[in-house]
Amino acid sequence: MYDIAIIGAGPAGASAALFTSKAGKKTILFDHDKSITKRARIENHYGIMEIAGPDLVDIGKKQAEKFGTQLVNEEVTDINKQGDTFVIHTANDTYEAKYIILATGLSTDLAEKLGLKTKPGTEPRIKTIVETDPQGKTNVEKVWAAGTVAGVSVHTIITAGDGAKVAINLLSEINGERYVDHDVLK
């Protein structure tokens with residue numbers, strides 16, 4: 001059983017996984033390898049002069065794995081809630097988690113299967129997004145959404161930041177106090 005399952009390993013999902021794993025939560029991250037970032041060339045990401053989208057995605061996943069995230073390179077086909085547990089289905093296996101963070105980019109298919117409220121998107125080419133509160137919570141208990149699927153700009157710096165924000169808010173809720181992660185130079 002995982003504490004947190006993150007669906008989508010682009011900037012929002014991998015950033016969320018980095019924070020949840022580093023906080024000691026057993027995290028699983030699903031990657032179907034279709035992130036729109038994989039087609040990008042990025043020259044507007046703070047701290048990085050320029051980078052190819054596939055490289056940014058690979059580095060993000062490696063950062064999350066460094067802190068213990070289990071990466072599964074499969075598409076999630078369905079998610080069912082059974083009591084307090086979510087059962088995540090792929091073509092080859094099933095996994096269980098207590099919390100879900102959807103970071104599925106342009107796709108709201110899983111969100112709709114889970115009964116999440118959606119609304120029209122405001123970004124160009126983004127037709128539908130998941131409705132969340134300012135912390136990233138959806139209308140389904142223990143399901144959160146981050147990044148483009150939650151209506152933030154498609155720019156990688158913004159989606160990565162939103163994934164971090166949602167992870168910190170979820171960690172704060174789980175821990176019952178505000179979670180802060182600051183590394184210090186020695």
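Provided above is the structure to which this section pertains.
Residues numbered from 1 in each chain as written. Predicted model: local features only at pLDDT ≥ 70, side-chain atom pairs only at ≥ 80, totals over all residues. Heavy atoms only, no water.

With respect to unusual backbone geometry
Turning to step 1, where the next piece is worked out: Of note, arginine 125 is a non-glycine position whose phi angle comes to about 70°, a positive value.
Turning to step 2, where the next piece is worked out: Its place among the elements puts arginine 125 in the loop between β9 (118–120) and β10 (128–130).
Turning to step 3, where the next piece is worked out: Positive phi outside glycine occurs at lysine 142, with the angle close to 75°.
Turning to step 4, where the next piece is worked out: Residue placement: lysine 142 occurs in the loop between β10 and β11 (143–145).
Turning to step 5, where the next piece is worked out: Given a relative accessible area of 21%, lysine 142 falls into the partly exposed group. (Helix = DSSP H or I, 4+ residues; strand = E, 2+ residues; numbered from the N terminus. Buried < 20%, exposed > 50% of the residue type's maximum accessible area, 1.4 Å probe, protein only.)

Description of the packing of helix α1 (residues 11–22) against helix α2 (residues 53–66)
A pair of packed helices can be characterised by two numbers: the angle between their axes and the separation between those axes.
Turning to step 1, where the next piece is worked out: Look at α1 against α2: their axes get within 8 Å of each other, and the N-to-C directions meet at 15°. Classified by the angle between their axes, α1 and α2 sit roughly parallel to one another. Classified by chirality, the crossing of α2 by α1 is left-handed. In this structure, α1 contributes Ala14, Ala17, Leu18 and Ser21 to the contact, and α2 contributes Gly60, Lys61, Gln63 and Ala64.
Turning to step 2, where the next piece is worked out: Classifying every residue of the contact of α1 with α2 by side-chain character gives 4 nonpolar, 3 polar and 1 charged. (Axes fitted to C-alpha atoms, helices over the stretch in contact; angles between N-to-C directions. Parallel < 35°, antiparallel > 145°, perpendicular 65-115°, else oblique. Left-handed = near helix turned anticlockwise from the far one by under 90°. Contact = heavy atoms within 4.5 Å. Nonpolar A, V, L, I, M, F, W, Y, C, P; charged D, E, K, R; others polar.)

Digging into the pairing of strand β2 (residues 27–30)
Turning to step 1, where the next piece is worked out: Residues Thr27 and Leu29 point to one face of β2 and Ile28 and Phe30 to the other, with burial holding for every one of them.
Turning to step 2, where the next piece is worked out: Sheet topology places strand β1 (residues 2–7) next to β2; 4 bridges connect them, and they run parallel. Directly across from alanine 5, in β2, lies its bridge partner isoleucine 28.
Turning to step 3, where the next piece is worked out: Bridge count between β2 and strand β5 (residues 70–72): 3 bridges; the pairing is parallel. Bridge pairing in β5 links isoleucine 28 to glutamine 70. (Pairing = 2+ DSSP bridges.)

Some details on the nonpolar core
Turning to step 1, where the next piece is worked out: Grouped together as the largest cluster of nonpolar side chains are 24 residues, with contacts concentrated most on Ile7, Phe30, Ile79, Ile88, Ile100 and Leu102.
Turning to step 2, where the next piece is worked out: Residue contributions to this core peak at 4 residues, all from strand β8 (residues 94–102).
Turning to step 3, where the next piece is worked out: Setting aside residues no more than four positions away along its own chain, isoleucine 100 makes contact with Ala5, Ile7, Ile79, Phe86, Ile88, Lys142, Val143 and Trp144.
Turning to step 4, where the next piece is worked out: Membership of the second largest hydrophobic core comes to 22 residues, among which are Ile4, Ala12, Ala16 and Leu170. (Core = buried A, V, L, I, M, F, W, Y, C linked by side-chain atoms within 4.5 Å.)

Regarding the side chain of serine 172
Turning to step 1, where the next piece is worked out: Tracing the backbone through its elements, the reader meets serine 172 in helix α4 (residues 156–175).
Turning to step 2, where the next piece is worked out: For serine 172, a relative accessible area of 11% gives the class buried.
Turning to step 3, where the next piece is worked out: Excluding residues that lie within four positions of it along the chain, serine 172 makes contacts with Glu177, Arg178 and Tyr179.

Things to note about the packing of aromatic side chains
Turning to step 1, where the next piece is worked out: Throughout the structure, instances matching the rule amount to 1 aromatic pair.
Turning to step 2, where the next piece is worked out: Plain terms: the ring middles of phenylalanine 30 and tyrosine 95 are 5.2 Å apart, the flat faces sit at 75° to each other, and that makes the pair edge-to-face. Of the two residues, phenylalanine 30 sits in strand β2 while tyrosine 95 sits in strand β8, which places them 65 residues apart along the sequence. Across the pair, exposure class does not vary: phenylalanine 30 and tyrosine 95 are buried alike.
Turning to step 3, where the next piece is worked out: Positioned above the aromatic ring of tyrosine 99, the side-chain terminus of lysine 142 is 5.4 Å from the ring centre. (Phe/Tyr/Trp six-rings, centres within 6.5 Å; stacked < 30°, edge-to-face > 60°. Lys NZ or Arg CZ within 6 Å of the ring centre and 35° of its normal.)

Considering the packing of α1 against α4
Turning to step 1, where the next piece is worked out: Two numbers describe how α1 lies on α4: the axes approach to 7 Å, and their chain directions differ by 35°. α1 and α4 meet at a crossing whose hand is right-handed. For the pair α1 and α4, the contacting residues are Pro11, Ala12, Ser15, Ala16, Phe19 and Thr20 in the first and Thr156, Thr159, Ala160, Gly163, Ala164, Ala167, Ile168 and Leu171 in the second.
Turning to step 2, where the next piece is worked out: In the contact of α1 with α4, the residues fall into 9 nonpolar, 5 polar and no charged.

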